[in-house]
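The lines below spell out each chain.
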Amino acid sequence: MTARGDRKGTEAEGTASADRRTRLTVLVALGANLLIVVAKAVGGLVSGSPALLSEAAHSVADSLNEVFLLAALRRSRRPADRRHPFGYGKERFFWSLLAAVGIFVMGGCFSFFQGVEAFRGGAEESFDGYVVGLAVLGVALLAEGASLLRAVHQARREGAAGGTGALRDPALRTVIAEDGTAVLGVTLALVGMALHMVTGQVVWEASASLAIGVLLVCVAYWLGRDARAQLVGEAADPELSREIRELLAAQPEIDSVEALFTMKMGLDSTLVAARIDLVPGLDSERVEEIAVRIKRSVAHAVPETGEIFLDVTDADAKEAAKSPAATGERGGA
C-alpha cells in the first residue's frame, strides 16, 4: 500500500471509530428521551400542567430526531455508485435538516399552543399534581443532563484528537443542541410550575411554555440554517481552501492559479476544481502526466480532498477569478 493509501486508511478508520462513538451517543440520548416522554406525558396529564405537556412534546420531537440521526449515520457512509458518483455524504445534512424541522413543528409549535391555551383557559392543579409534575421534571433534568454530559465529553475528546472541527458532525452537533435545549427547557418548566404553585397564577407556567417554544424555534432555525448551507453546496473552510491554493501555486509546472472552487461533499470529503495556467513551453503530451502528479500531490497533502478536477488554460480568467465562488465571498442572502 502507498503512503497515501496508508494515510487514507488511517483516516477512514478514525472516521469509522468517531461514527461508532456518535452512534452510541445518539442511542443514549434516544433511550433517555423515550423514558422521559412517558414520564412527562403521564405527569402532564395527571397534573394538567401546560409546561410539562410542552416538555413532553419537546421530548417526542427529540426522540424522532434521534431516529433521523441514526439513519444519517448509516446512510451517509454508503460507497459511491453510478447514480451518486460523489457518494452519500450529504445524507448527513439532509437528515439533520429533517431533525430541525421536527424540533420546530413538534416541539416549538406545540409549546406555543399549550402556552396560549393556558393563558386563555387557565389551568387548575392539585397539590398532588404539583408534586408529580416537579418530581417528573427533576428526573428528566437528571436524565437530560447525563445525556448532555456524554455528548459534550465526546465533542471534547474528538476536539483534542482532531483539533478544530470537533462539532463539524451534524449528528453530534444536533444531539448537543437538543440535550442543551432540553436541560434549559426543563429548568424553565420547573421554575414556571414552582411559581404557579406558590402564587396560584397560571401566567407563570403559561409563560414558561411560551419561552420553551421560543427556545425550540431558535434552535431549530440554527440547525436548519446550517444544514441548508451544506445541502446547497457550501465551500470548504477558508483555511483549507488557502492551503489547497498554496499547494497548487507551489507546483513548478503551474504559472498561476486563476480560480479555485471547493464544495463540501460530506464530513471528510471536499470536491476541488481549479482553473490553472501552466508555465510556457510544456510539451502537450506531458500535460496529462503533470495533471495526474499534481492531483496526487494535493490529495496526499490534504486528505480531506475527494475528487480533484484541474482545468488547464493558457488565458487569463480574470472574471472567473473575481467571482464569489472563486474568492470565497458570499453571493446573495
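The coordinates are above.
Okay, so let's go over this structure. (Residues numbered from 1 in each chain as written. Predicted model: local features only at pLDDT ≥ 70, side-chain atom pairs only at ≥ 80, totals over all residues. Heavy atoms only, no water.)

With that settled, consider the nonpolar core. In this structure, L52, I103, L137, A189, M193 and L223 are the most contacted members of the largest nonpolar core, which totals 19 residues. Contributing elements (two or more residues each) for this core: α2 (50-75), α3 (91-121), α4 (127-162), α5 (170-199) and α6 (203-232). When residues in this core are grouped by element, the largest group, 6 residues, is from α6. The contact partners of L223, leaving out residues within four places of it in the chain, are A100, I103, T174 and A177. Ranked by size, the runner-up nonpolar core spans 17 residues in total, among them I254, V257, V298 and I308. (Core = buried A, V, L, I, M, F, W, Y, C linked by side-chain atoms within 4.5 Å. Buried < 20%, exposed > 50% of the residue type's maximum accessible area, 1.4 Å probe, protein only. Helix = DSSP H or I, 4+ residues; strand = E, 2+ residues; numbered from the N terminus. Contact = heavy atoms within 4.5 Å.)

What follows is about the packing of α3 against α6. At a minimum axis separation of 7 Å, α3 and α6 run at an interaxial angle of 160°. Between α3 and α6, the interaxial angle falls into the category roughly antiparallel. Crossing angle aside, the handedness with which α3 passes α6 is left-handed. (Axes fitted to C-alpha atoms, helices over the stretch in contact; angles between N-to-C directions. Parallel < 35°, antiparallel > 145°, perpendicular 65-115°, else oblique. Left-handed = near helix turned anticlockwise from the far one by under 90°.)

The next subject is a nonpolar patch on the surface. On the surface, V60, L64, V67, V101, F104, V105 and M106 cluster together to form a nonpolar patch covering roughly 510 Å² of accessible area. Sorting the residues of the nonpolar patch by element identifies α2 and α3 as the ones contributing at least two each. With 4 residues, α3 is the single largest residue contributor to the nonpolar patch. Relative to the helices and strands, M106 resides in helix α3. (Patch = residues over 30% accessible without salt bridge, like charges linked within 9 Å, V, L, I, M, F, W, Y side chains within 5 Å. Areas by Shrake-Rupley, 256 points an atom, 1.4 Å probe, with all protein chains shown as cover. Salt bridge = Lys/Arg side-chain N within 4 Å of Asp/Glu carboxyl O.)

This structure, assessed with the given rule, holds 7 salt bridges. Across the pair K264 and E234 runs a salt bridge, and its minimum N-O distance is 3.6 Å. Within this pair, whereas K264 is found in strand β1 (residues 254-264), its partner E234 is found in the loop between α6 and α7 (238-249), the two being separated by 30 residues in sequence. Residue K264 is classed as buried on the basis of its relative accessible area, which comes to 17%. On the basis of relative accessibility, which here comes to 26%, the residue E234 falls in the partly exposed class. A salt bridge links K264 to D237; its shortest N-O distance comes to 3.3 Å. Of the two residues, K264 sits in strand β1 while D237 sits in the loop between α6 and α7, which places them 27 residues apart along the sequence.

The next subject is helix α8 (residues 284-301). The end-to-end C-alpha distance of α8 is 26 Å, a good match for the 26 Å that 18 residues give at a rise of 1.5 Å each. Taken together, the buried positions of α8 are I290, A291, I294, V298 and A299. Take α8 and look down its axis: the buried residues cluster within an arc of 165°, on one side only. For α8, the exposed residues set more than 90 degrees away from the buried face come down to E285, E288, E289 and R296. (Expected span 1.5 Å × (residues − 1). Arc of directions from axis to C-beta.)

Spatial strand order, β1-β2-β3: 3 strands in an open sheet with mixed pairing. The open sheet has two free edges, formed respectively by β1 and β3 (305-313), since each of these has just one partner strand. Looking at each pair of strands side by side, their axes are set apart by 20° on average, direction ignored. In this sheet, strand β2 (residues 270-278) lies alongside β1 in antiparallel orientation, the contact comprising 9 bridges. Residue M263 lies in a different strand from β2, and its bridge partner there is L271. Against the sheet, α8 engages β1, β2 and β3, with an angle of about 145° to β3. (Pairing = 2+ DSSP bridges.)

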